[in-house]
Amino acid sequence: MTPNIDQNDALFERARRVIPGGVNSPVRAFKAVGGTPRFIKRAQGAYFWDTNDTRYIDYIGSWGPMILGHGHPAIVQAVQNAVLEGFSFGAPTEREIELAEEILRLVPSMDMVRLVSSGTEAAMTAIRLARGATGRSKFIKFEGCYHGHADALLVKAGSGLATFGNPTSAGVPPEVVQHTLVLEYNNVEQLEEAFALHGPELACLMVEPIAGNMNFVRASVPFMQRCRELCSQYGALLAFDEVMTGCRVALGSAQSVYAKAIPGFEPDLTVMGKVIGGGMPLAAFGAKRAVMEQLAPLGPVYQAGTLSGNPVATACGLATLKEIQKPGFFETLSGRTRSLVDGLNNAALDAGVPFCGDSEGGMFGFFLLPKLPQNYGQVMKTEGARFNRLFHGLLERGVYIAPALYEAGFVSAAHTEADIAATVSAAREVFSSL
Ligand SMILES: *Cc1c(COP(=O)(O)O)cnc(C)c1O
């Protein structure tokens, strides 16, 4: 097919007439990088094809869930079998128990979980649960961490520690975020000040342990240790948002990575999504039994969902979790991901382009900066125009990375060494023109 009119342009124009901005989630619109978004027709393994039948090596993996790559036969089979049994019942199923048991086995800091349909819903309810369980209203989040789009979480730092946050979206009244305290990531001193001022009023501290919504920034071990100590000291719950990192950076999620560095380390609340649904709408939150028993129908904290624990989504999640537990899965995935980051690093070095990158398990990030940033302010020092040239250069060469410099990247088990090598060689060409 040799279309004169690019089919992506035609679809984008059509989409914009009926869907705001032509997309159902803003970053898909290529607003940050410019140009026309690719409309994806199908995907298989490490690749997807757009409406022009152009193939791309996919490094977004639906923003994390597709850890096995696209169209894995065992997952397709599990979903097909589930569909034949029914789409949704609004009554409990055995598969929900199986998935809950599986998640708890992988992430043993939780005694119980509740299944929901999106990360937004899980994080929003985790905050409600923390407030209900502690009888306190205030909570801490960090600039650059994303926890979905619930009103109280769409907030940026105010002018000082005493003033709390300001909404980052129209439609969120200032009163709704008046209990959200926004701090700088990895800043121990500010954390201590915040607890000294507000500790006894804090319901929880919510954090992305490895932040994937400001590209890829790890919470330092001393910072995480201080978060744990201060939460325990003041009776606030330490809530890990592992929607992105859960079963993605390690089988035991990011908390298992921190537990290696801090003996006995555990968060009090965990929010999961993405990989545990394997590409279907599924997320979860969990905690120790006493906290989870505060939820309806046992306790006074309300939460519900028509499609929660959906039988098709749980089948997909279960099959995915089974595959990632096969021997050597994470070793291979981590090695591939590391070799991608190393390859990109060498290519940039040879071209004299400032570059640094990091990865954990199947998640990675890189920056056109000389050294790894520690917080959102440092991430945003990346020169946007340069990133955009890199993005489009890779896209033209059949490599699809996130269309914004503040997003993480994902490698799947379907990415081969040849895919990584092709990606690095495409990057080498682009770097030489940066
Ligand atoms: C993706 C994400 C969410 C939101 O999940 P949705 O399913 O998109 O609502 C929340 N927290 C983190 C850390 C995420 O990466």
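Residues numbered from 1 in each chain as written. Predicted model: local features only at pLDDT ≥ 70, side-chain atom pairs only at ≥ 80, totals over all residues. Heavy atoms only, no water.

Participant: I'd love a proper account of the pairing of strand 1 (residues 40-44), names of residues and values included.
Facilitator: In terms of strand pairing, strand 1 meets strand 2 (residues 47-50) through 4 bridges, oriented antiparallel. Following the sheet pairing, I40 is matched in strand 2 by D50. Taking the residues between adjacent antiparallel strands as the criterion, strand 1 and strand 2 are bridged by 2 residues, where G45 takes a positive phi near 60°. (Pairing = 2+ DSSP bridges. Helix = DSSP H or I, 4+ residues; strand = E, 2+ residues; numbered from the N terminus.)

Participant: I'd like a rundown of the sheet that holds strand 5 (residues 138-142), residues and numbers included.
Facilitator: The sheet built from 7 strands is open, its strands ordered 4-14-13-12-9-5-8 with mixed pairing. Strand pairing shows two members of the sheet lacking a second neighbour, strand 4 (112-116) and strand 8 (180-183), which therefore form its edges. The average undirected angle you get between the axes of adjacent strands in this sheet is 20°. Bridging between strand 12 (residues 237-242) and strand 13 (residues 269-272) involves 4 bridges; their strand directions are parallel. Counted as the bridge partner of F240 is T270 from strand 13. Helix 6 (residues 221-234) contacts strand 5, strand 9 (202-207) and strand 12 of the sheet and is inclined by roughly 140° relative to strand 12. Each of strand 12 and strand 13 is contacted by helix 7 (residues 253-261), which is oriented at about 120° to strand 12, the strand it contacts most. (Axes fitted to C-alpha atoms, helices over the stretch in contact; angles between N-to-C directions. Contact = heavy atoms within 4.5 Å.)

Participant: How would you summarise the nonpolar core if you had to cite specific residues and measurements?
Facilitator: If you look at the biggest cluster of nonpolar residues, it comprises 111 residues, and the most contacted ones within it are I103, F142, L205 and F431. Of all the elements, helix 10 (residues 329-351) adds the most residues to this core, at 8 residues. If near-sequence neighbours (up to four positions away) are discounted, F142 is found in contact with V182, L183, E184, Y185, L191, L205, M206, V207, F223 and C227. V116, A126, L129 and V243 belong to the second-largest nonpolar core, a separate cluster that totals 26 residues. (Core = buried A, V, L, I, M, F, W, Y, C linked by side-chain atoms within 4.5 Å. Buried < 20%, exposed > 50% of the residue type's maximum accessible area, 1.4 Å probe, protein only.)

Participant: I'd like a rundown of the packing of helix 12 (residues 384-396) against helix 13 (residues 417-432), residues and numbers included.
Facilitator: Following both chains from N to C, one finds helix 12 and helix 13 inclined at 130°, their axes separated by 9 Å at the closest point. Here helix 12 lies oblique to helix 13, going by the angle between them. By crossing handedness, the relation of helix 12 to helix 13 is classed as right-handed. Note on element contacts: helix 13 touches helix 12 through T423, A426, A427, V430 and F431, opposite R389, L390, G393 and L394. Of the residues belonging to the contact of helix 12 with helix 13, the class tally is 6 nonpolar, 2 polar and 1 charged. (Parallel < 35°, antiparallel > 145°, perpendicular 65-115°, else oblique. Left-handed = near helix turned anticlockwise from the far one by under 90°. Nonpolar A, V, L, I, M, F, W, Y, C, P; charged D, E, K, R; others polar.)

So yeah, pure geometry; function would need other evidence.
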